[in-house]
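# A structural walkthrough
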Amino acid sequence: MVDASGRRLSKAEIAKAAGVRPPAVNNWETRHADFPRPVDEGDRYEIESMARWLMRRPIPAHVLRPGEPAGTTYGERFAKALGLIPQTENPERAQTSAQSAVRSAADTAWKPPRDLLPDLEKWRGEGDPESYEELLLVLLHLRRHNPRLWVPLTRAARQAAPLPFGTVLRAALAEHQQRYPVVRDAVRHVRLNIWTDRQLAEVVRKLEDVCAGERRDLPSTMTRAAVVCRALLDGFATDDRVRGGEFHTPDSIVRLAVRLLAPETGDHVYDPACGDGAFLAGAAAHVEERGGTSPSLSFGGQTMSVRSLRMAALNLAIHDLTTVTELRRGSALRDDPSRTGDFDVIFANPPFNMRDWSRGDPADDPRWRRFGSPPRHNANYGWLQHAVAKLSPTGRAAVLMPNTAAVSANTHEHGIRRKMIEEGVVDCLIMLPEQLFRSTPVPVTLWLLRSDPSDDSRSVLFIDARKLGVKVDRKHRVLRPEDIDEIAGAYEEWRRLGPAYTGSAGFAAVASAATIVDLACSLAASRYVTAEPSSDPYAEENVRRLHEELKKLHRRAAEVDALVDDRMSEVLR
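Quick look at the structure, then. Remember, it's a predicted structure, so these values are computed and weren't measured experimentally. (Residues numbered from 1 in each chain as written. Predicted model: local features only at pLDDT ≥ 70, side-chain atom pairs only at ≥ 80, totals over all residues. Heavy atoms only, no water.)

### Brief notes about the overall build of the protein chain
- A count of helices and strands for the protein chain gives 20 helices and 13 strands.
- Looking at the protein chain as a whole, 50% of its 573 residues qualify as buried.
- Of the contacts made within the protein chain by residues no fewer than 6 positions apart, 73% connect residues no fewer than 24 positions apart.
- Summed over its atoms, the accessible surface of the protein chain is roughly 27400 Å², and 50% of this surface lies on carbon and sulfur atoms. (Helix = DSSP H or I, 4+ residues; strand = E, 2+ residues; numbered from the N terminus. Buried < 20%, exposed > 50% of the residue type's maximum accessible area, 1.4 Å probe, protein only. Contact = heavy atoms within 4.5 Å. Areas by Shrake-Rupley, 256 points an atom, 1.4 Å probe, with all protein chains shown as cover.)

Next comes the structure, spelled out in structure tokens:
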């Protein structure tokens, strides 16, 4: 059986699963314009899109395998090879199961088309990007929760004769907000008059075309409206759309963090700087993908701007999380609504290096009594301590920080870091690749923290993941599913093996608290992760040879310098 755990396959793996030779796959790609496109730089293809395409290709009678009835498609053979359907002796049942399995896999792992964002941006024209972003989320909410209004709206958008579509849409939104107050503030800030009737109609048509055809029994976070919502927030997070100091957290980082902390049914989840709610929605999606239900969790979040609050409320409402979420506006550091820690899981992507973050004297705040007061000029260690202070006795947190926070020499921050290390609340440091954020080039580290570690857990796992990920354009990189698996696999193995874990050269290493303190309390993963051993048996000899050549070049350069000095002296006489 082909390993389909990554949900993407190479051409060779596709050929193996479909029972053909690799040149056949190349021929399909060359001859058929609708052949799926690769989804990453490794020229790999999504299982679901490939399965759907192969389901339309019957296997010729002369190459059918024993037990495959006439009419069997390559898609059915493909699905069986990947374990999407059980092995069975009943061919007709196998055919039905294959088609059902492919449809199910396609629904639950569905992704928006690549041209979604460019097409939507085309119809935005010169309109205000922030207003447009809110309009799109309001429309997704309307489609998700109010089909009575959405169906006639899409019908009007498709009419050939010109209509005052802006008037029709305005009436639909006015009625929708009466039933769903969560969209009221956003609707008030959407200026429909800056777009033409045709632009608005085309946007509605595009969203309907993308979201149409899904099953009705999907969990709320897997509906196409929810998936499109996450994709739009990810795509719109450019450097000119930073909301009140809060950056959107890229979806690949969200998926990594929720995989590492693994929220479960019944957990109380919190994000003190939730921005547009990406971490909270990601936590719910993680639970539902594993068979749980998102309403079984409860969510708390704070945002620092009014607009972030609107966007987070819309995002979570599209994911059906409104009834289990409490959102507040305000700085969690200045305005701490709760002095107790009762959250099972905390995620945070706070503003980095924030100044003037404290209300009054930081020394008076009980959150800093355990490890020390953060400096007034930088809130980084305030966010880290806030996360620890809000955890339940068995809680865990994931906090994004700039790489510099792990090695800061500031007296206050160094002292806080040392106490956190010695008390064992620092669990793991993961240096992430550059360019994961569209909105900032700052390289980041993911800190995993724990509330009350056991006496034998005074060690830290370091993962250097800077070489992972793949570029999707010149300025942007994403973590692939296999990258997330590699990082999470190392962390899970360390948690399972404990002291027996030996790390992985060039990728992961464990250091005791005493060792870290001896190294000036540095928490930079690159300080502890050793380089991979060279596979070149002549590496040492080559280095020695190059060193000798370099010395010769230095001597030659000195001779040339002396000659130039002599000539210059002659000229100046």
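Further notes follow.
### Thoughts on helix α17 (residues 411–422)
- When the terminal C-alpha atoms of α17 are compared, their 17 Å separation across twelve residues agrees well with the 16 Å that a helix rising 1.5 Å per residue should span.
- Taken together, the buried positions of α17 are occupied by E413, I416, R417, M420 and I421. Buried residues of α17, seen end-on, are gathered within an arc of 135 degrees and therefore sit on one face of the element.
- Check the buried side of α17 and you find it contacts α16 (380–389), β8 (426–431), β9 (444–450) and α19 (513–518). (Expected span 1.5 Å × (residues − 1). Arc of directions from axis to C-beta.)

### Quick notes on the sheet that holds strand β5 (residues 325–329)
- As summarised here, the arrangement of the nine strands in space is β5-β4-β3-β6-β7-β9-β8-β10-β13, forming an open sheet in which the pairing is mixed. Looking at strand neighbours, the two that pair on one side only are β5 and β13 (508–512), the edges of this open sheet. For this sheet, the mean inter-axis angle between neighbouring strands, taken without regard to orientation, is 15 degrees.
- Here strand β10 (residues 459–464) runs beside β13; their pairing, made up of five bridges, is antiparallel. Following the sheet pairing, L461 is matched in β13 by V510. (Pairing = 2+ DSSP bridges. Axes fitted to C-alpha atoms, helices over the stretch in contact; angles between N-to-C directions.)

### Structural notes on the pairing of strand β6 (residues 343–348)
- Within β6, six of the six residues are buried, leaving the element largely enclosed by the surrounding structure.
- Direction of pairing for strand β3 (residues 268–271) relative to β6: parallel, over a ladder of two bridges. Across the sheet, the residue bridging to Y270 is I346, located in β6.
- As paired strands, β6 and strand β7 (residues 391–402) are joined by five bridges and run parallel to one another. Residue pairing for β7: V345 is matched across the bridge by R396.

### What to know about the nonpolar core
- In this structure, F347, L400, I430, L432, L446, L448 and I463 are the most contacted members of the largest nonpolar core, which totals 48 residues.
- With residues up to four places along the chain from it excluded, the contact list for I430 reads L260, V444, T445, L446, L448, I463, A465 and I487.
- Counting 45 residues, the second-largest nonpolar core is a separate cluster that includes L142, A186, L233 and F236. (Core = buried A, V, L, I, M, F, W, Y, C linked by side-chain atoms within 4.5 Å.)

### With respect to the packing of helix α8 (residues 147–157) against helix α11 (residues 197–211)
- As a packed pair, α8 and α11 sit with axes 9 Å apart at the nearest point and diverge in direction by 120 degrees. Classed by the angle they form, the pair α8 and α11 counts as oblique. For α8 against α11, the interelement crossing comes out left-handed. Here W150, L153, T154 and A157 of α8 come into contact with α11, specifically with A201, V204, R205, L207 and E208.
- Residue composition of the contact of α8 with α11, by class: six nonpolar, one polar and two charged. (Parallel < 35°, antiparallel > 145°, perpendicular 65-115°, else oblique. Left-handed = near helix turned anticlockwise from the far one by under 90°. Nonpolar A, V, L, I, M, F, W, Y, C, P; charged D, E, K, R; others polar.)

### Considerations on the environment of S526
- For S526, the location among the structural elements is in the loop between α19 and α20 (539–572).
- Taking the C-alpha atoms as reference points, S526 and A465, separated by 61 residues in sequence, lie 9.7 Å from one another.
- Once residues within four sequence positions are removed from consideration, S526 is found in contact with M431, D464 and R466.

### Overview of the pattern of salt bridges
- Applying the stated criterion to the full structure yields 30 salt bridges.
- Residue E121 pairs with R124 through a salt bridge whose shortest N-O separation is 3.1 Å. Linking E121 with R124, this pair stays in helix α6 (residues 116–124), spanning three residues, or about one helical turn.
- E121 gets classed as partly exposed once you look at its relative accessible area, which sits at 26%.
- Note that D267 and R396 form a salt bridge whose closest N and O atoms lie 3.3 Å from each other. Here D267, found in the loop between α13 (251–261) and β3, pairs with R396, found in strand β7; they are 129 residues apart in sequence, far enough to count as distant. (Salt bridge = Lys/Arg side-chain N within 4 Å of Asp/Glu carboxyl O.)

### Here's the deal with the packing of α13 against helix α18 (residues 481–497)
- At their nearest, the axes of α13 and α18 sit 10 Å apart, and the two run at 25 degrees to each other. Classed by the angle they form, the pair α13 and α18 counts as roughly parallel. Crossing handedness for the pair α13 and α18: right-handed. Of α18, the residues touching α13 (which contributes S252, R255, L256, R259 and L260) are I484, D485, I487, A488, Y491 and E492.
- Broken down by class, the residue content of the contact of α13 with α18 amounts to six nonpolar, one polar and four charged.

### Some remarks on the side chain of D271
- Mapped onto the fold, D271 is located in strand β3.
- On the accessibility criterion, D271 (1% relative accessible area) is buried.
- A polar side-chain atom of D271 sits 2.9 Å from the main-chain amide nitrogen of A273. (Polar contact = N/O pair within 3.5 Å; in protein donor to acceptor, adjacent residues only side chain to side chain.)

### A closer look at the packing of aromatic side chains
- According to the stated counting rule, one finds eleven aromatic pairs in the structure shown.
- Aromatic pair W28 and W53: ring centres 5.8 Å apart, planes at 55 degrees, arrangement tilted. Highlighted residues: W28 in helix α2 (residues 22–31) and W53 in helix α3 (residues 47–54), separated in sequence by 25 residues. For the pair formed by W28 and W53, the shared burial category is buried.
- Taking the centre distance of 5.1 Å and the plane angle of 15 degrees together, the rings of F279 and F347 count as stacked. Residue F279 is located in helix α14 (residues 278–289), and its partner F347 is located in strand β6; the two are separated by 68 residues in the primary sequence. The pair formed by F279 and F347 is uniform in burial state, with each residue classed as buried. (Phe/Tyr/Trp six-rings, centres within 6.5 Å; stacked < 30°, edge-to-face > 60°.)

### Some remarks on the pairing of β7
- In terms of residue burial, β7 counts as a mostly covered element, since nine of its twelve residues are buried.
- In the sheet, β7 pairs with β9 via seven bridges, with the strands oriented antiparallel. For V399, the partnering residue across the bridge sits in β9 and is W447.

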